[in-house]
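Examining the three-dimensional arrangement
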Amino acid sequence: MAEPKHGTSPIVVEETPGKKAYCMCGYSANLPYCDGAHSREETGISPIVCEIEEAGKKAICQCHRSGNLPWCDGAHSK
Ligand code: FES
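Thresholds, definitions, all that
- Residues numbered from 1 in each chain as written.
- Predicted model: local features only at pLDDT ≥ 70, side-chain atom pairs only at ≥ 80, totals over all residues.
- Heavy atoms only, no water.
- Salt bridge = Lys/Arg side-chain N within 4 Å of Asp/Glu carboxyl O.
- Buried < 20%, exposed > 50% of the residue type's maximum accessible area, 1.4 Å probe, protein only.
- Phe/Tyr/Trp six-rings, centres within 6.5 Å; stacked < 30°, edge-to-face > 60°.
- Helix = DSSP H or I, 4+ residues; strand = E, 2+ residues; numbered from the N terminus.
- Lys NZ or Arg CZ within 6 Å of the ring centre and 35° of its normal.
- Contact = heavy atoms within 4.5 Å.
- Polar contact = N/O pair within 3.5 Å; in protein donor to acceptor, adjacent residues only side chain to side chain.

**A short note on the pattern of salt bridges**
Where charged atoms from two side chains of opposite charge come close, those side chains can pair. Under the criterion given, the structure shown has two salt bridges. Across the salt bridge formed by Glu15 and Lys20, the nearest N and O atoms sit 3.4 Å from each other. We classify Glu15 as buried; its relative accessible area is 3%. The salt bridge involving Asp35 is made with Arg40; its shortest N-O contact spans 3.4 Å. On the basis of relative accessible area, Arg40 is assigned to the exposed category, the value being 56%.

See the structure below:
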């Protein structure tokens, strides 16, 4: 089982409305979105799926320590 790969800062995207699956294992080739790598790498981790209501800038946590996943809460800098 592969350990999760943690980034050091969030990925900021101009998000569009709709259902999104954010990678929480860190192995996706399409970060911050899940590409199924969590299964291929046998991480035992699942993406966080969200329904985005409004378009706008979002900071997606990559350190996976946010208290408000999948969103960055500044935990990476503490
Ligand atoms: S690829 Fe990382 S959670 Fe799916």
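**Comments concerning the packing of aromatic side chains**
Geometrically, a pair of aromatic rings is defined through the distance of the ring centres and the angle of the planes. Within this structure, the stated rule accounts for two aromatic pairs. Both rings, one in Tyr22 and one in Tyr33, keep their centres 5.7 Å apart while their planes meet at 25 degrees; by these two values the pair is stacked. Of this pair, Tyr22 sits in strand 2 (residues 18-22) while Tyr33 sits in the loop between strand 2 and helix 1 (37-40), and the two are 11 residues apart along the sequence. On the numbers, 5.5 Å between centres and 70 degrees between planes, the contact of Tyr22 with Trp71 is edge-to-face. Of this pair, Tyr22 sits in strand 2 while Trp71 sits in the segment after strand 4 (56-60); the two residues are 49 residues apart in sequence, bridging distant segments of the chain. By way of ring pairs, the aromatic residues Tyr22, Tyr33 and Trp71 are connected into one cluster. Over the aromatic face of Trp71 sits the side chain of Lys58, whose NZ or CZ is 5.4 Å from the ring centroid.

**Description of the environment of Thr43**
Assignment of secondary structure puts Thr43 in the loop between helix 1 and strand 3 (48-52). Between the alpha carbons of Thr43 and Cys25 there is a distance of 6.9 Å; along the sequence they are 18 residues apart. Those residues in contact with Thr43 that lie beyond four places of it in its chain are Met1, Ala2, Cys25, Tyr27 and His38. In terms of polar contacts, Thr43 uses its side chain to reach the backbone amide nitrogen of Ile45, at 3.1 Å.

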